[in-house]
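One-letter residues, chain by chain:
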Amino acid sequence: MSIIRPYGDTTGDGMVQVSFTLPIKHSKVADGAALQLANKMGMEPAMVVHSKPMGDDFTFFVVYGQVNHLVDTDKVQVVERDFPLLTPKEANAVIKETLRRPMVVVGACIGTDAHTVGIDAILNIKGFAGEKGLEYYKEIEVVNLGAQVSVPALVEAAVTRRADAVLVSQVVTQRDAHLLNTREMSAAFREAYPAGERPLLVVGGPRFDESMTAELGVDRIFGRGTTPAEVASYLVHRTTSKEPAA
């Protein structure tokens, strides 16, 4: 069955819950404003199940209500994994056999982004979700530059260390900072390297659209919940195959 509706209390009842903030003082008028917005979003009937002041002039709401929209799962477009998922042992074996040297991976948070939780989860040996990070892989040499790294410094590190891949994490998304920083980075790498010789460019973060690789000038985008094994497997697949960087 490809047509589905939201499920709240009973199958197919179309009930959904949304949360948002409005720039209005907490009051009954604020609750009414939230209901008006919910109605314009297609929720009818709707009810404010929670409202809380966020400072003097803002209110946070949780609204529960019914929508009539249907979802056709046959028309959903996502980026599926198109490479085999490898264990650390398998990844090490492939790198050793094909590259015959360690794979060099440079990672950083660029711009003003100081949130290293994402990049550390992928690179640090402690890893994430029960998986060891890339530092655990014997055939991967990890260079973690940390937070608030400028694009020129990242390019310089990649050139100096002869990087096979560059991983960038972006959590700060205000005013699309993650998109602007990524475009700046990809442009800098295109300028610094001859065509077909630059390292793989991989970005990740909770607000990226995984289908925007071509638009942002990178080779791969990983979203929230990505594990170290997925990143390592992709890097092994791309660097040991004949596919050139995009």
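Note that this is a predicted model, so its numbers are computed, not measured.

## Considering the environment of Glu90
Then, number 1: One can find Glu90 in helix α2 (residues 88-98).
Then, number 2: Using a relative accessible area of 40% as the deciding quantity, one classes Glu90 as partly exposed.
Then, number 3: The spatial distance from the C-alpha of Glu90 to the C-alpha of Val236 is 9.8 Å, given a sequence separation of 146 residues.

## A few points about a nonpolar patch on the surface
Then, number 1: On the surface, a cluster of nonpolar side chains totalling about 320 Å² of accessible area is made up of Ile4, Val71, Val76 and Val78.
Then, number 2: Checked against the element boundaries, Val78 lands in the loop between β5 (71-72) and α2.
Then, number 3: The exposure class assigned to Val78 is exposed, which follows from its relative accessible area of 57%.

## Comments concerning the pairing of strand β3 (residues 46-53)
Then, number 1: As paired elements, β3 and strand β4 (residues 59-66) share 7 bridges and run antiparallel to each other. Note on β4: the bridge partner recorded for His50 is Val62.
Then, number 2: Joining the antiparallel neighbours β3 and β4 is a turn of 5 residues, in which Gly55 adopts a positive phi near 85°.

## Topic: the domain arrangement of the protein chain
Then, number 1: The domain boundaries assigned to the protein chain delineate domain 1 (3-73) and domain 2 (88-240).
Then, number 2: The distance between the C-alpha centroids of domain 1 and domain 2 comes to 38 Å.

## Structural notes on the nonpolar core
Then, number 1: Leu154, Val166, Met185 and Phe189 are the most contacted members of the largest nonpolar core, which totals 25 residues.
Then, number 2: Elements with a minimum of two residues in this core: β6 (103-108), α4 (151-160), β8 (165-169), α5 (177-192) and β9 (200-204).
Then, number 3: Per-element accounting of this core gives the leading share, 5 residues, to α4.
Then, number 4: Apart from residues no more than four positions distant in its own chain, Met185 is found in contact with Ile110, Val151, Leu154, Val168, Leu201, Val203 and Val218.
Then, number 5: The next biggest cluster of nonpolar side chains, apart from the first, holds 24 residues, and it includes Met103, Leu123, Phe222 and Val236.

## Looking at unusual backbone geometry
Then, number 1: Each neighbour pair has its own omega, and for Glu44 with Pro45 the value is 0°, a cis peptide bond.
Then, number 2: As for its placement among the helices and strands, Pro45 is situated in the loop between α1 (28-40) and β3.
Then, number 3: The phi torsion at Ala129 lies on the positive side, around 55°, for a residue other than glycine.
Then, number 4: Topologically, Ala129 is positioned in the loop between α3 (117-123) and β7 (140-144).

## Let's talk about the sheet that holds strand β10 (residues 220-222)
Then, number 1: The sheet built from 5 strands is open, its strands ordered β7-β6-β8-β9-β10 with parallel pairing. One side of each edge strand has no neighbouring strand; the edge strands of this open sheet are β7 and β10. Strand-to-strand twist across the sheet, computed as the mean angle between neighbouring axes with direction ignored, equals 20°.
Then, number 2: By the bridge criterion, 5 bridges tie β8 to β9 in an arrangement that is parallel. Among the inter-strand pairings, Val168 is bridged to a residue of β9, identified as Val203.
Then, number 3: The strands touched by α4 are β6 and β8; relative to β6, the strand with the most contacts, the crossing angle is about 170°.

## Section: the packing of aromatic side chains
Then, number 1: With the rule as written, the count across this model stands at 5 aromatic pairs.
Then, number 2: A ring pair is formed by Phe20 and Phe61, whose centres lie 5.7 Å apart and whose planes are at 40°; its orientation type is tilted. Highlighted residues: Phe20 in strand β2 (residues 15-22) and Phe61 in strand β4, separated in sequence by 41 residues.
Then, number 3: Phe61 sits in the buried class, given a relative accessible area of 0%.
Then, number 4: Geometrically, the ring pair formed by Tyr136 and Tyr137 is edge-to-face, given 6.5 Å between the ring centres and 85° between the ring planes.

Thresholds applied
- Residues numbered from 1 in each chain as written.
- Predicted model: local features only at pLDDT ≥ 70, side-chain atom pairs only at ≥ 80, totals over all residues.
- Heavy atoms only, no water.
- Helix = DSSP H or I, 4+ residues; strand = E, 2+ residues; numbered from the N terminus.
- Buried < 20%, exposed > 50% of the residue type's maximum accessible area, 1.4 Å probe, protein only.
- Patch = residues over 30% accessible without salt bridge, like charges linked within 9 Å, V, L, I, M, F, W, Y side chains within 5 Å.
- Areas by Shrake-Rupley, 256 points an atom, 1.4 Å probe, with all protein chains shown as cover.
- Salt bridge = Lys/Arg side-chain N within 4 Å of Asp/Glu carboxyl O.
- Pairing = 2+ DSSP bridges.
- Domains from an automatic or database assignment.
- Core = buried A, V, L, I, M, F, W, Y, C linked by side-chain atoms within 4.5 Å.
- Contact = heavy atoms within 4.5 Å.
- Axes fitted to C-alpha atoms, helices over the stretch in contact; angles between N-to-C directions.
- Phe/Tyr/Trp six-rings, centres within 6.5 Å; stacked < 30°, edge-to-face > 60°.

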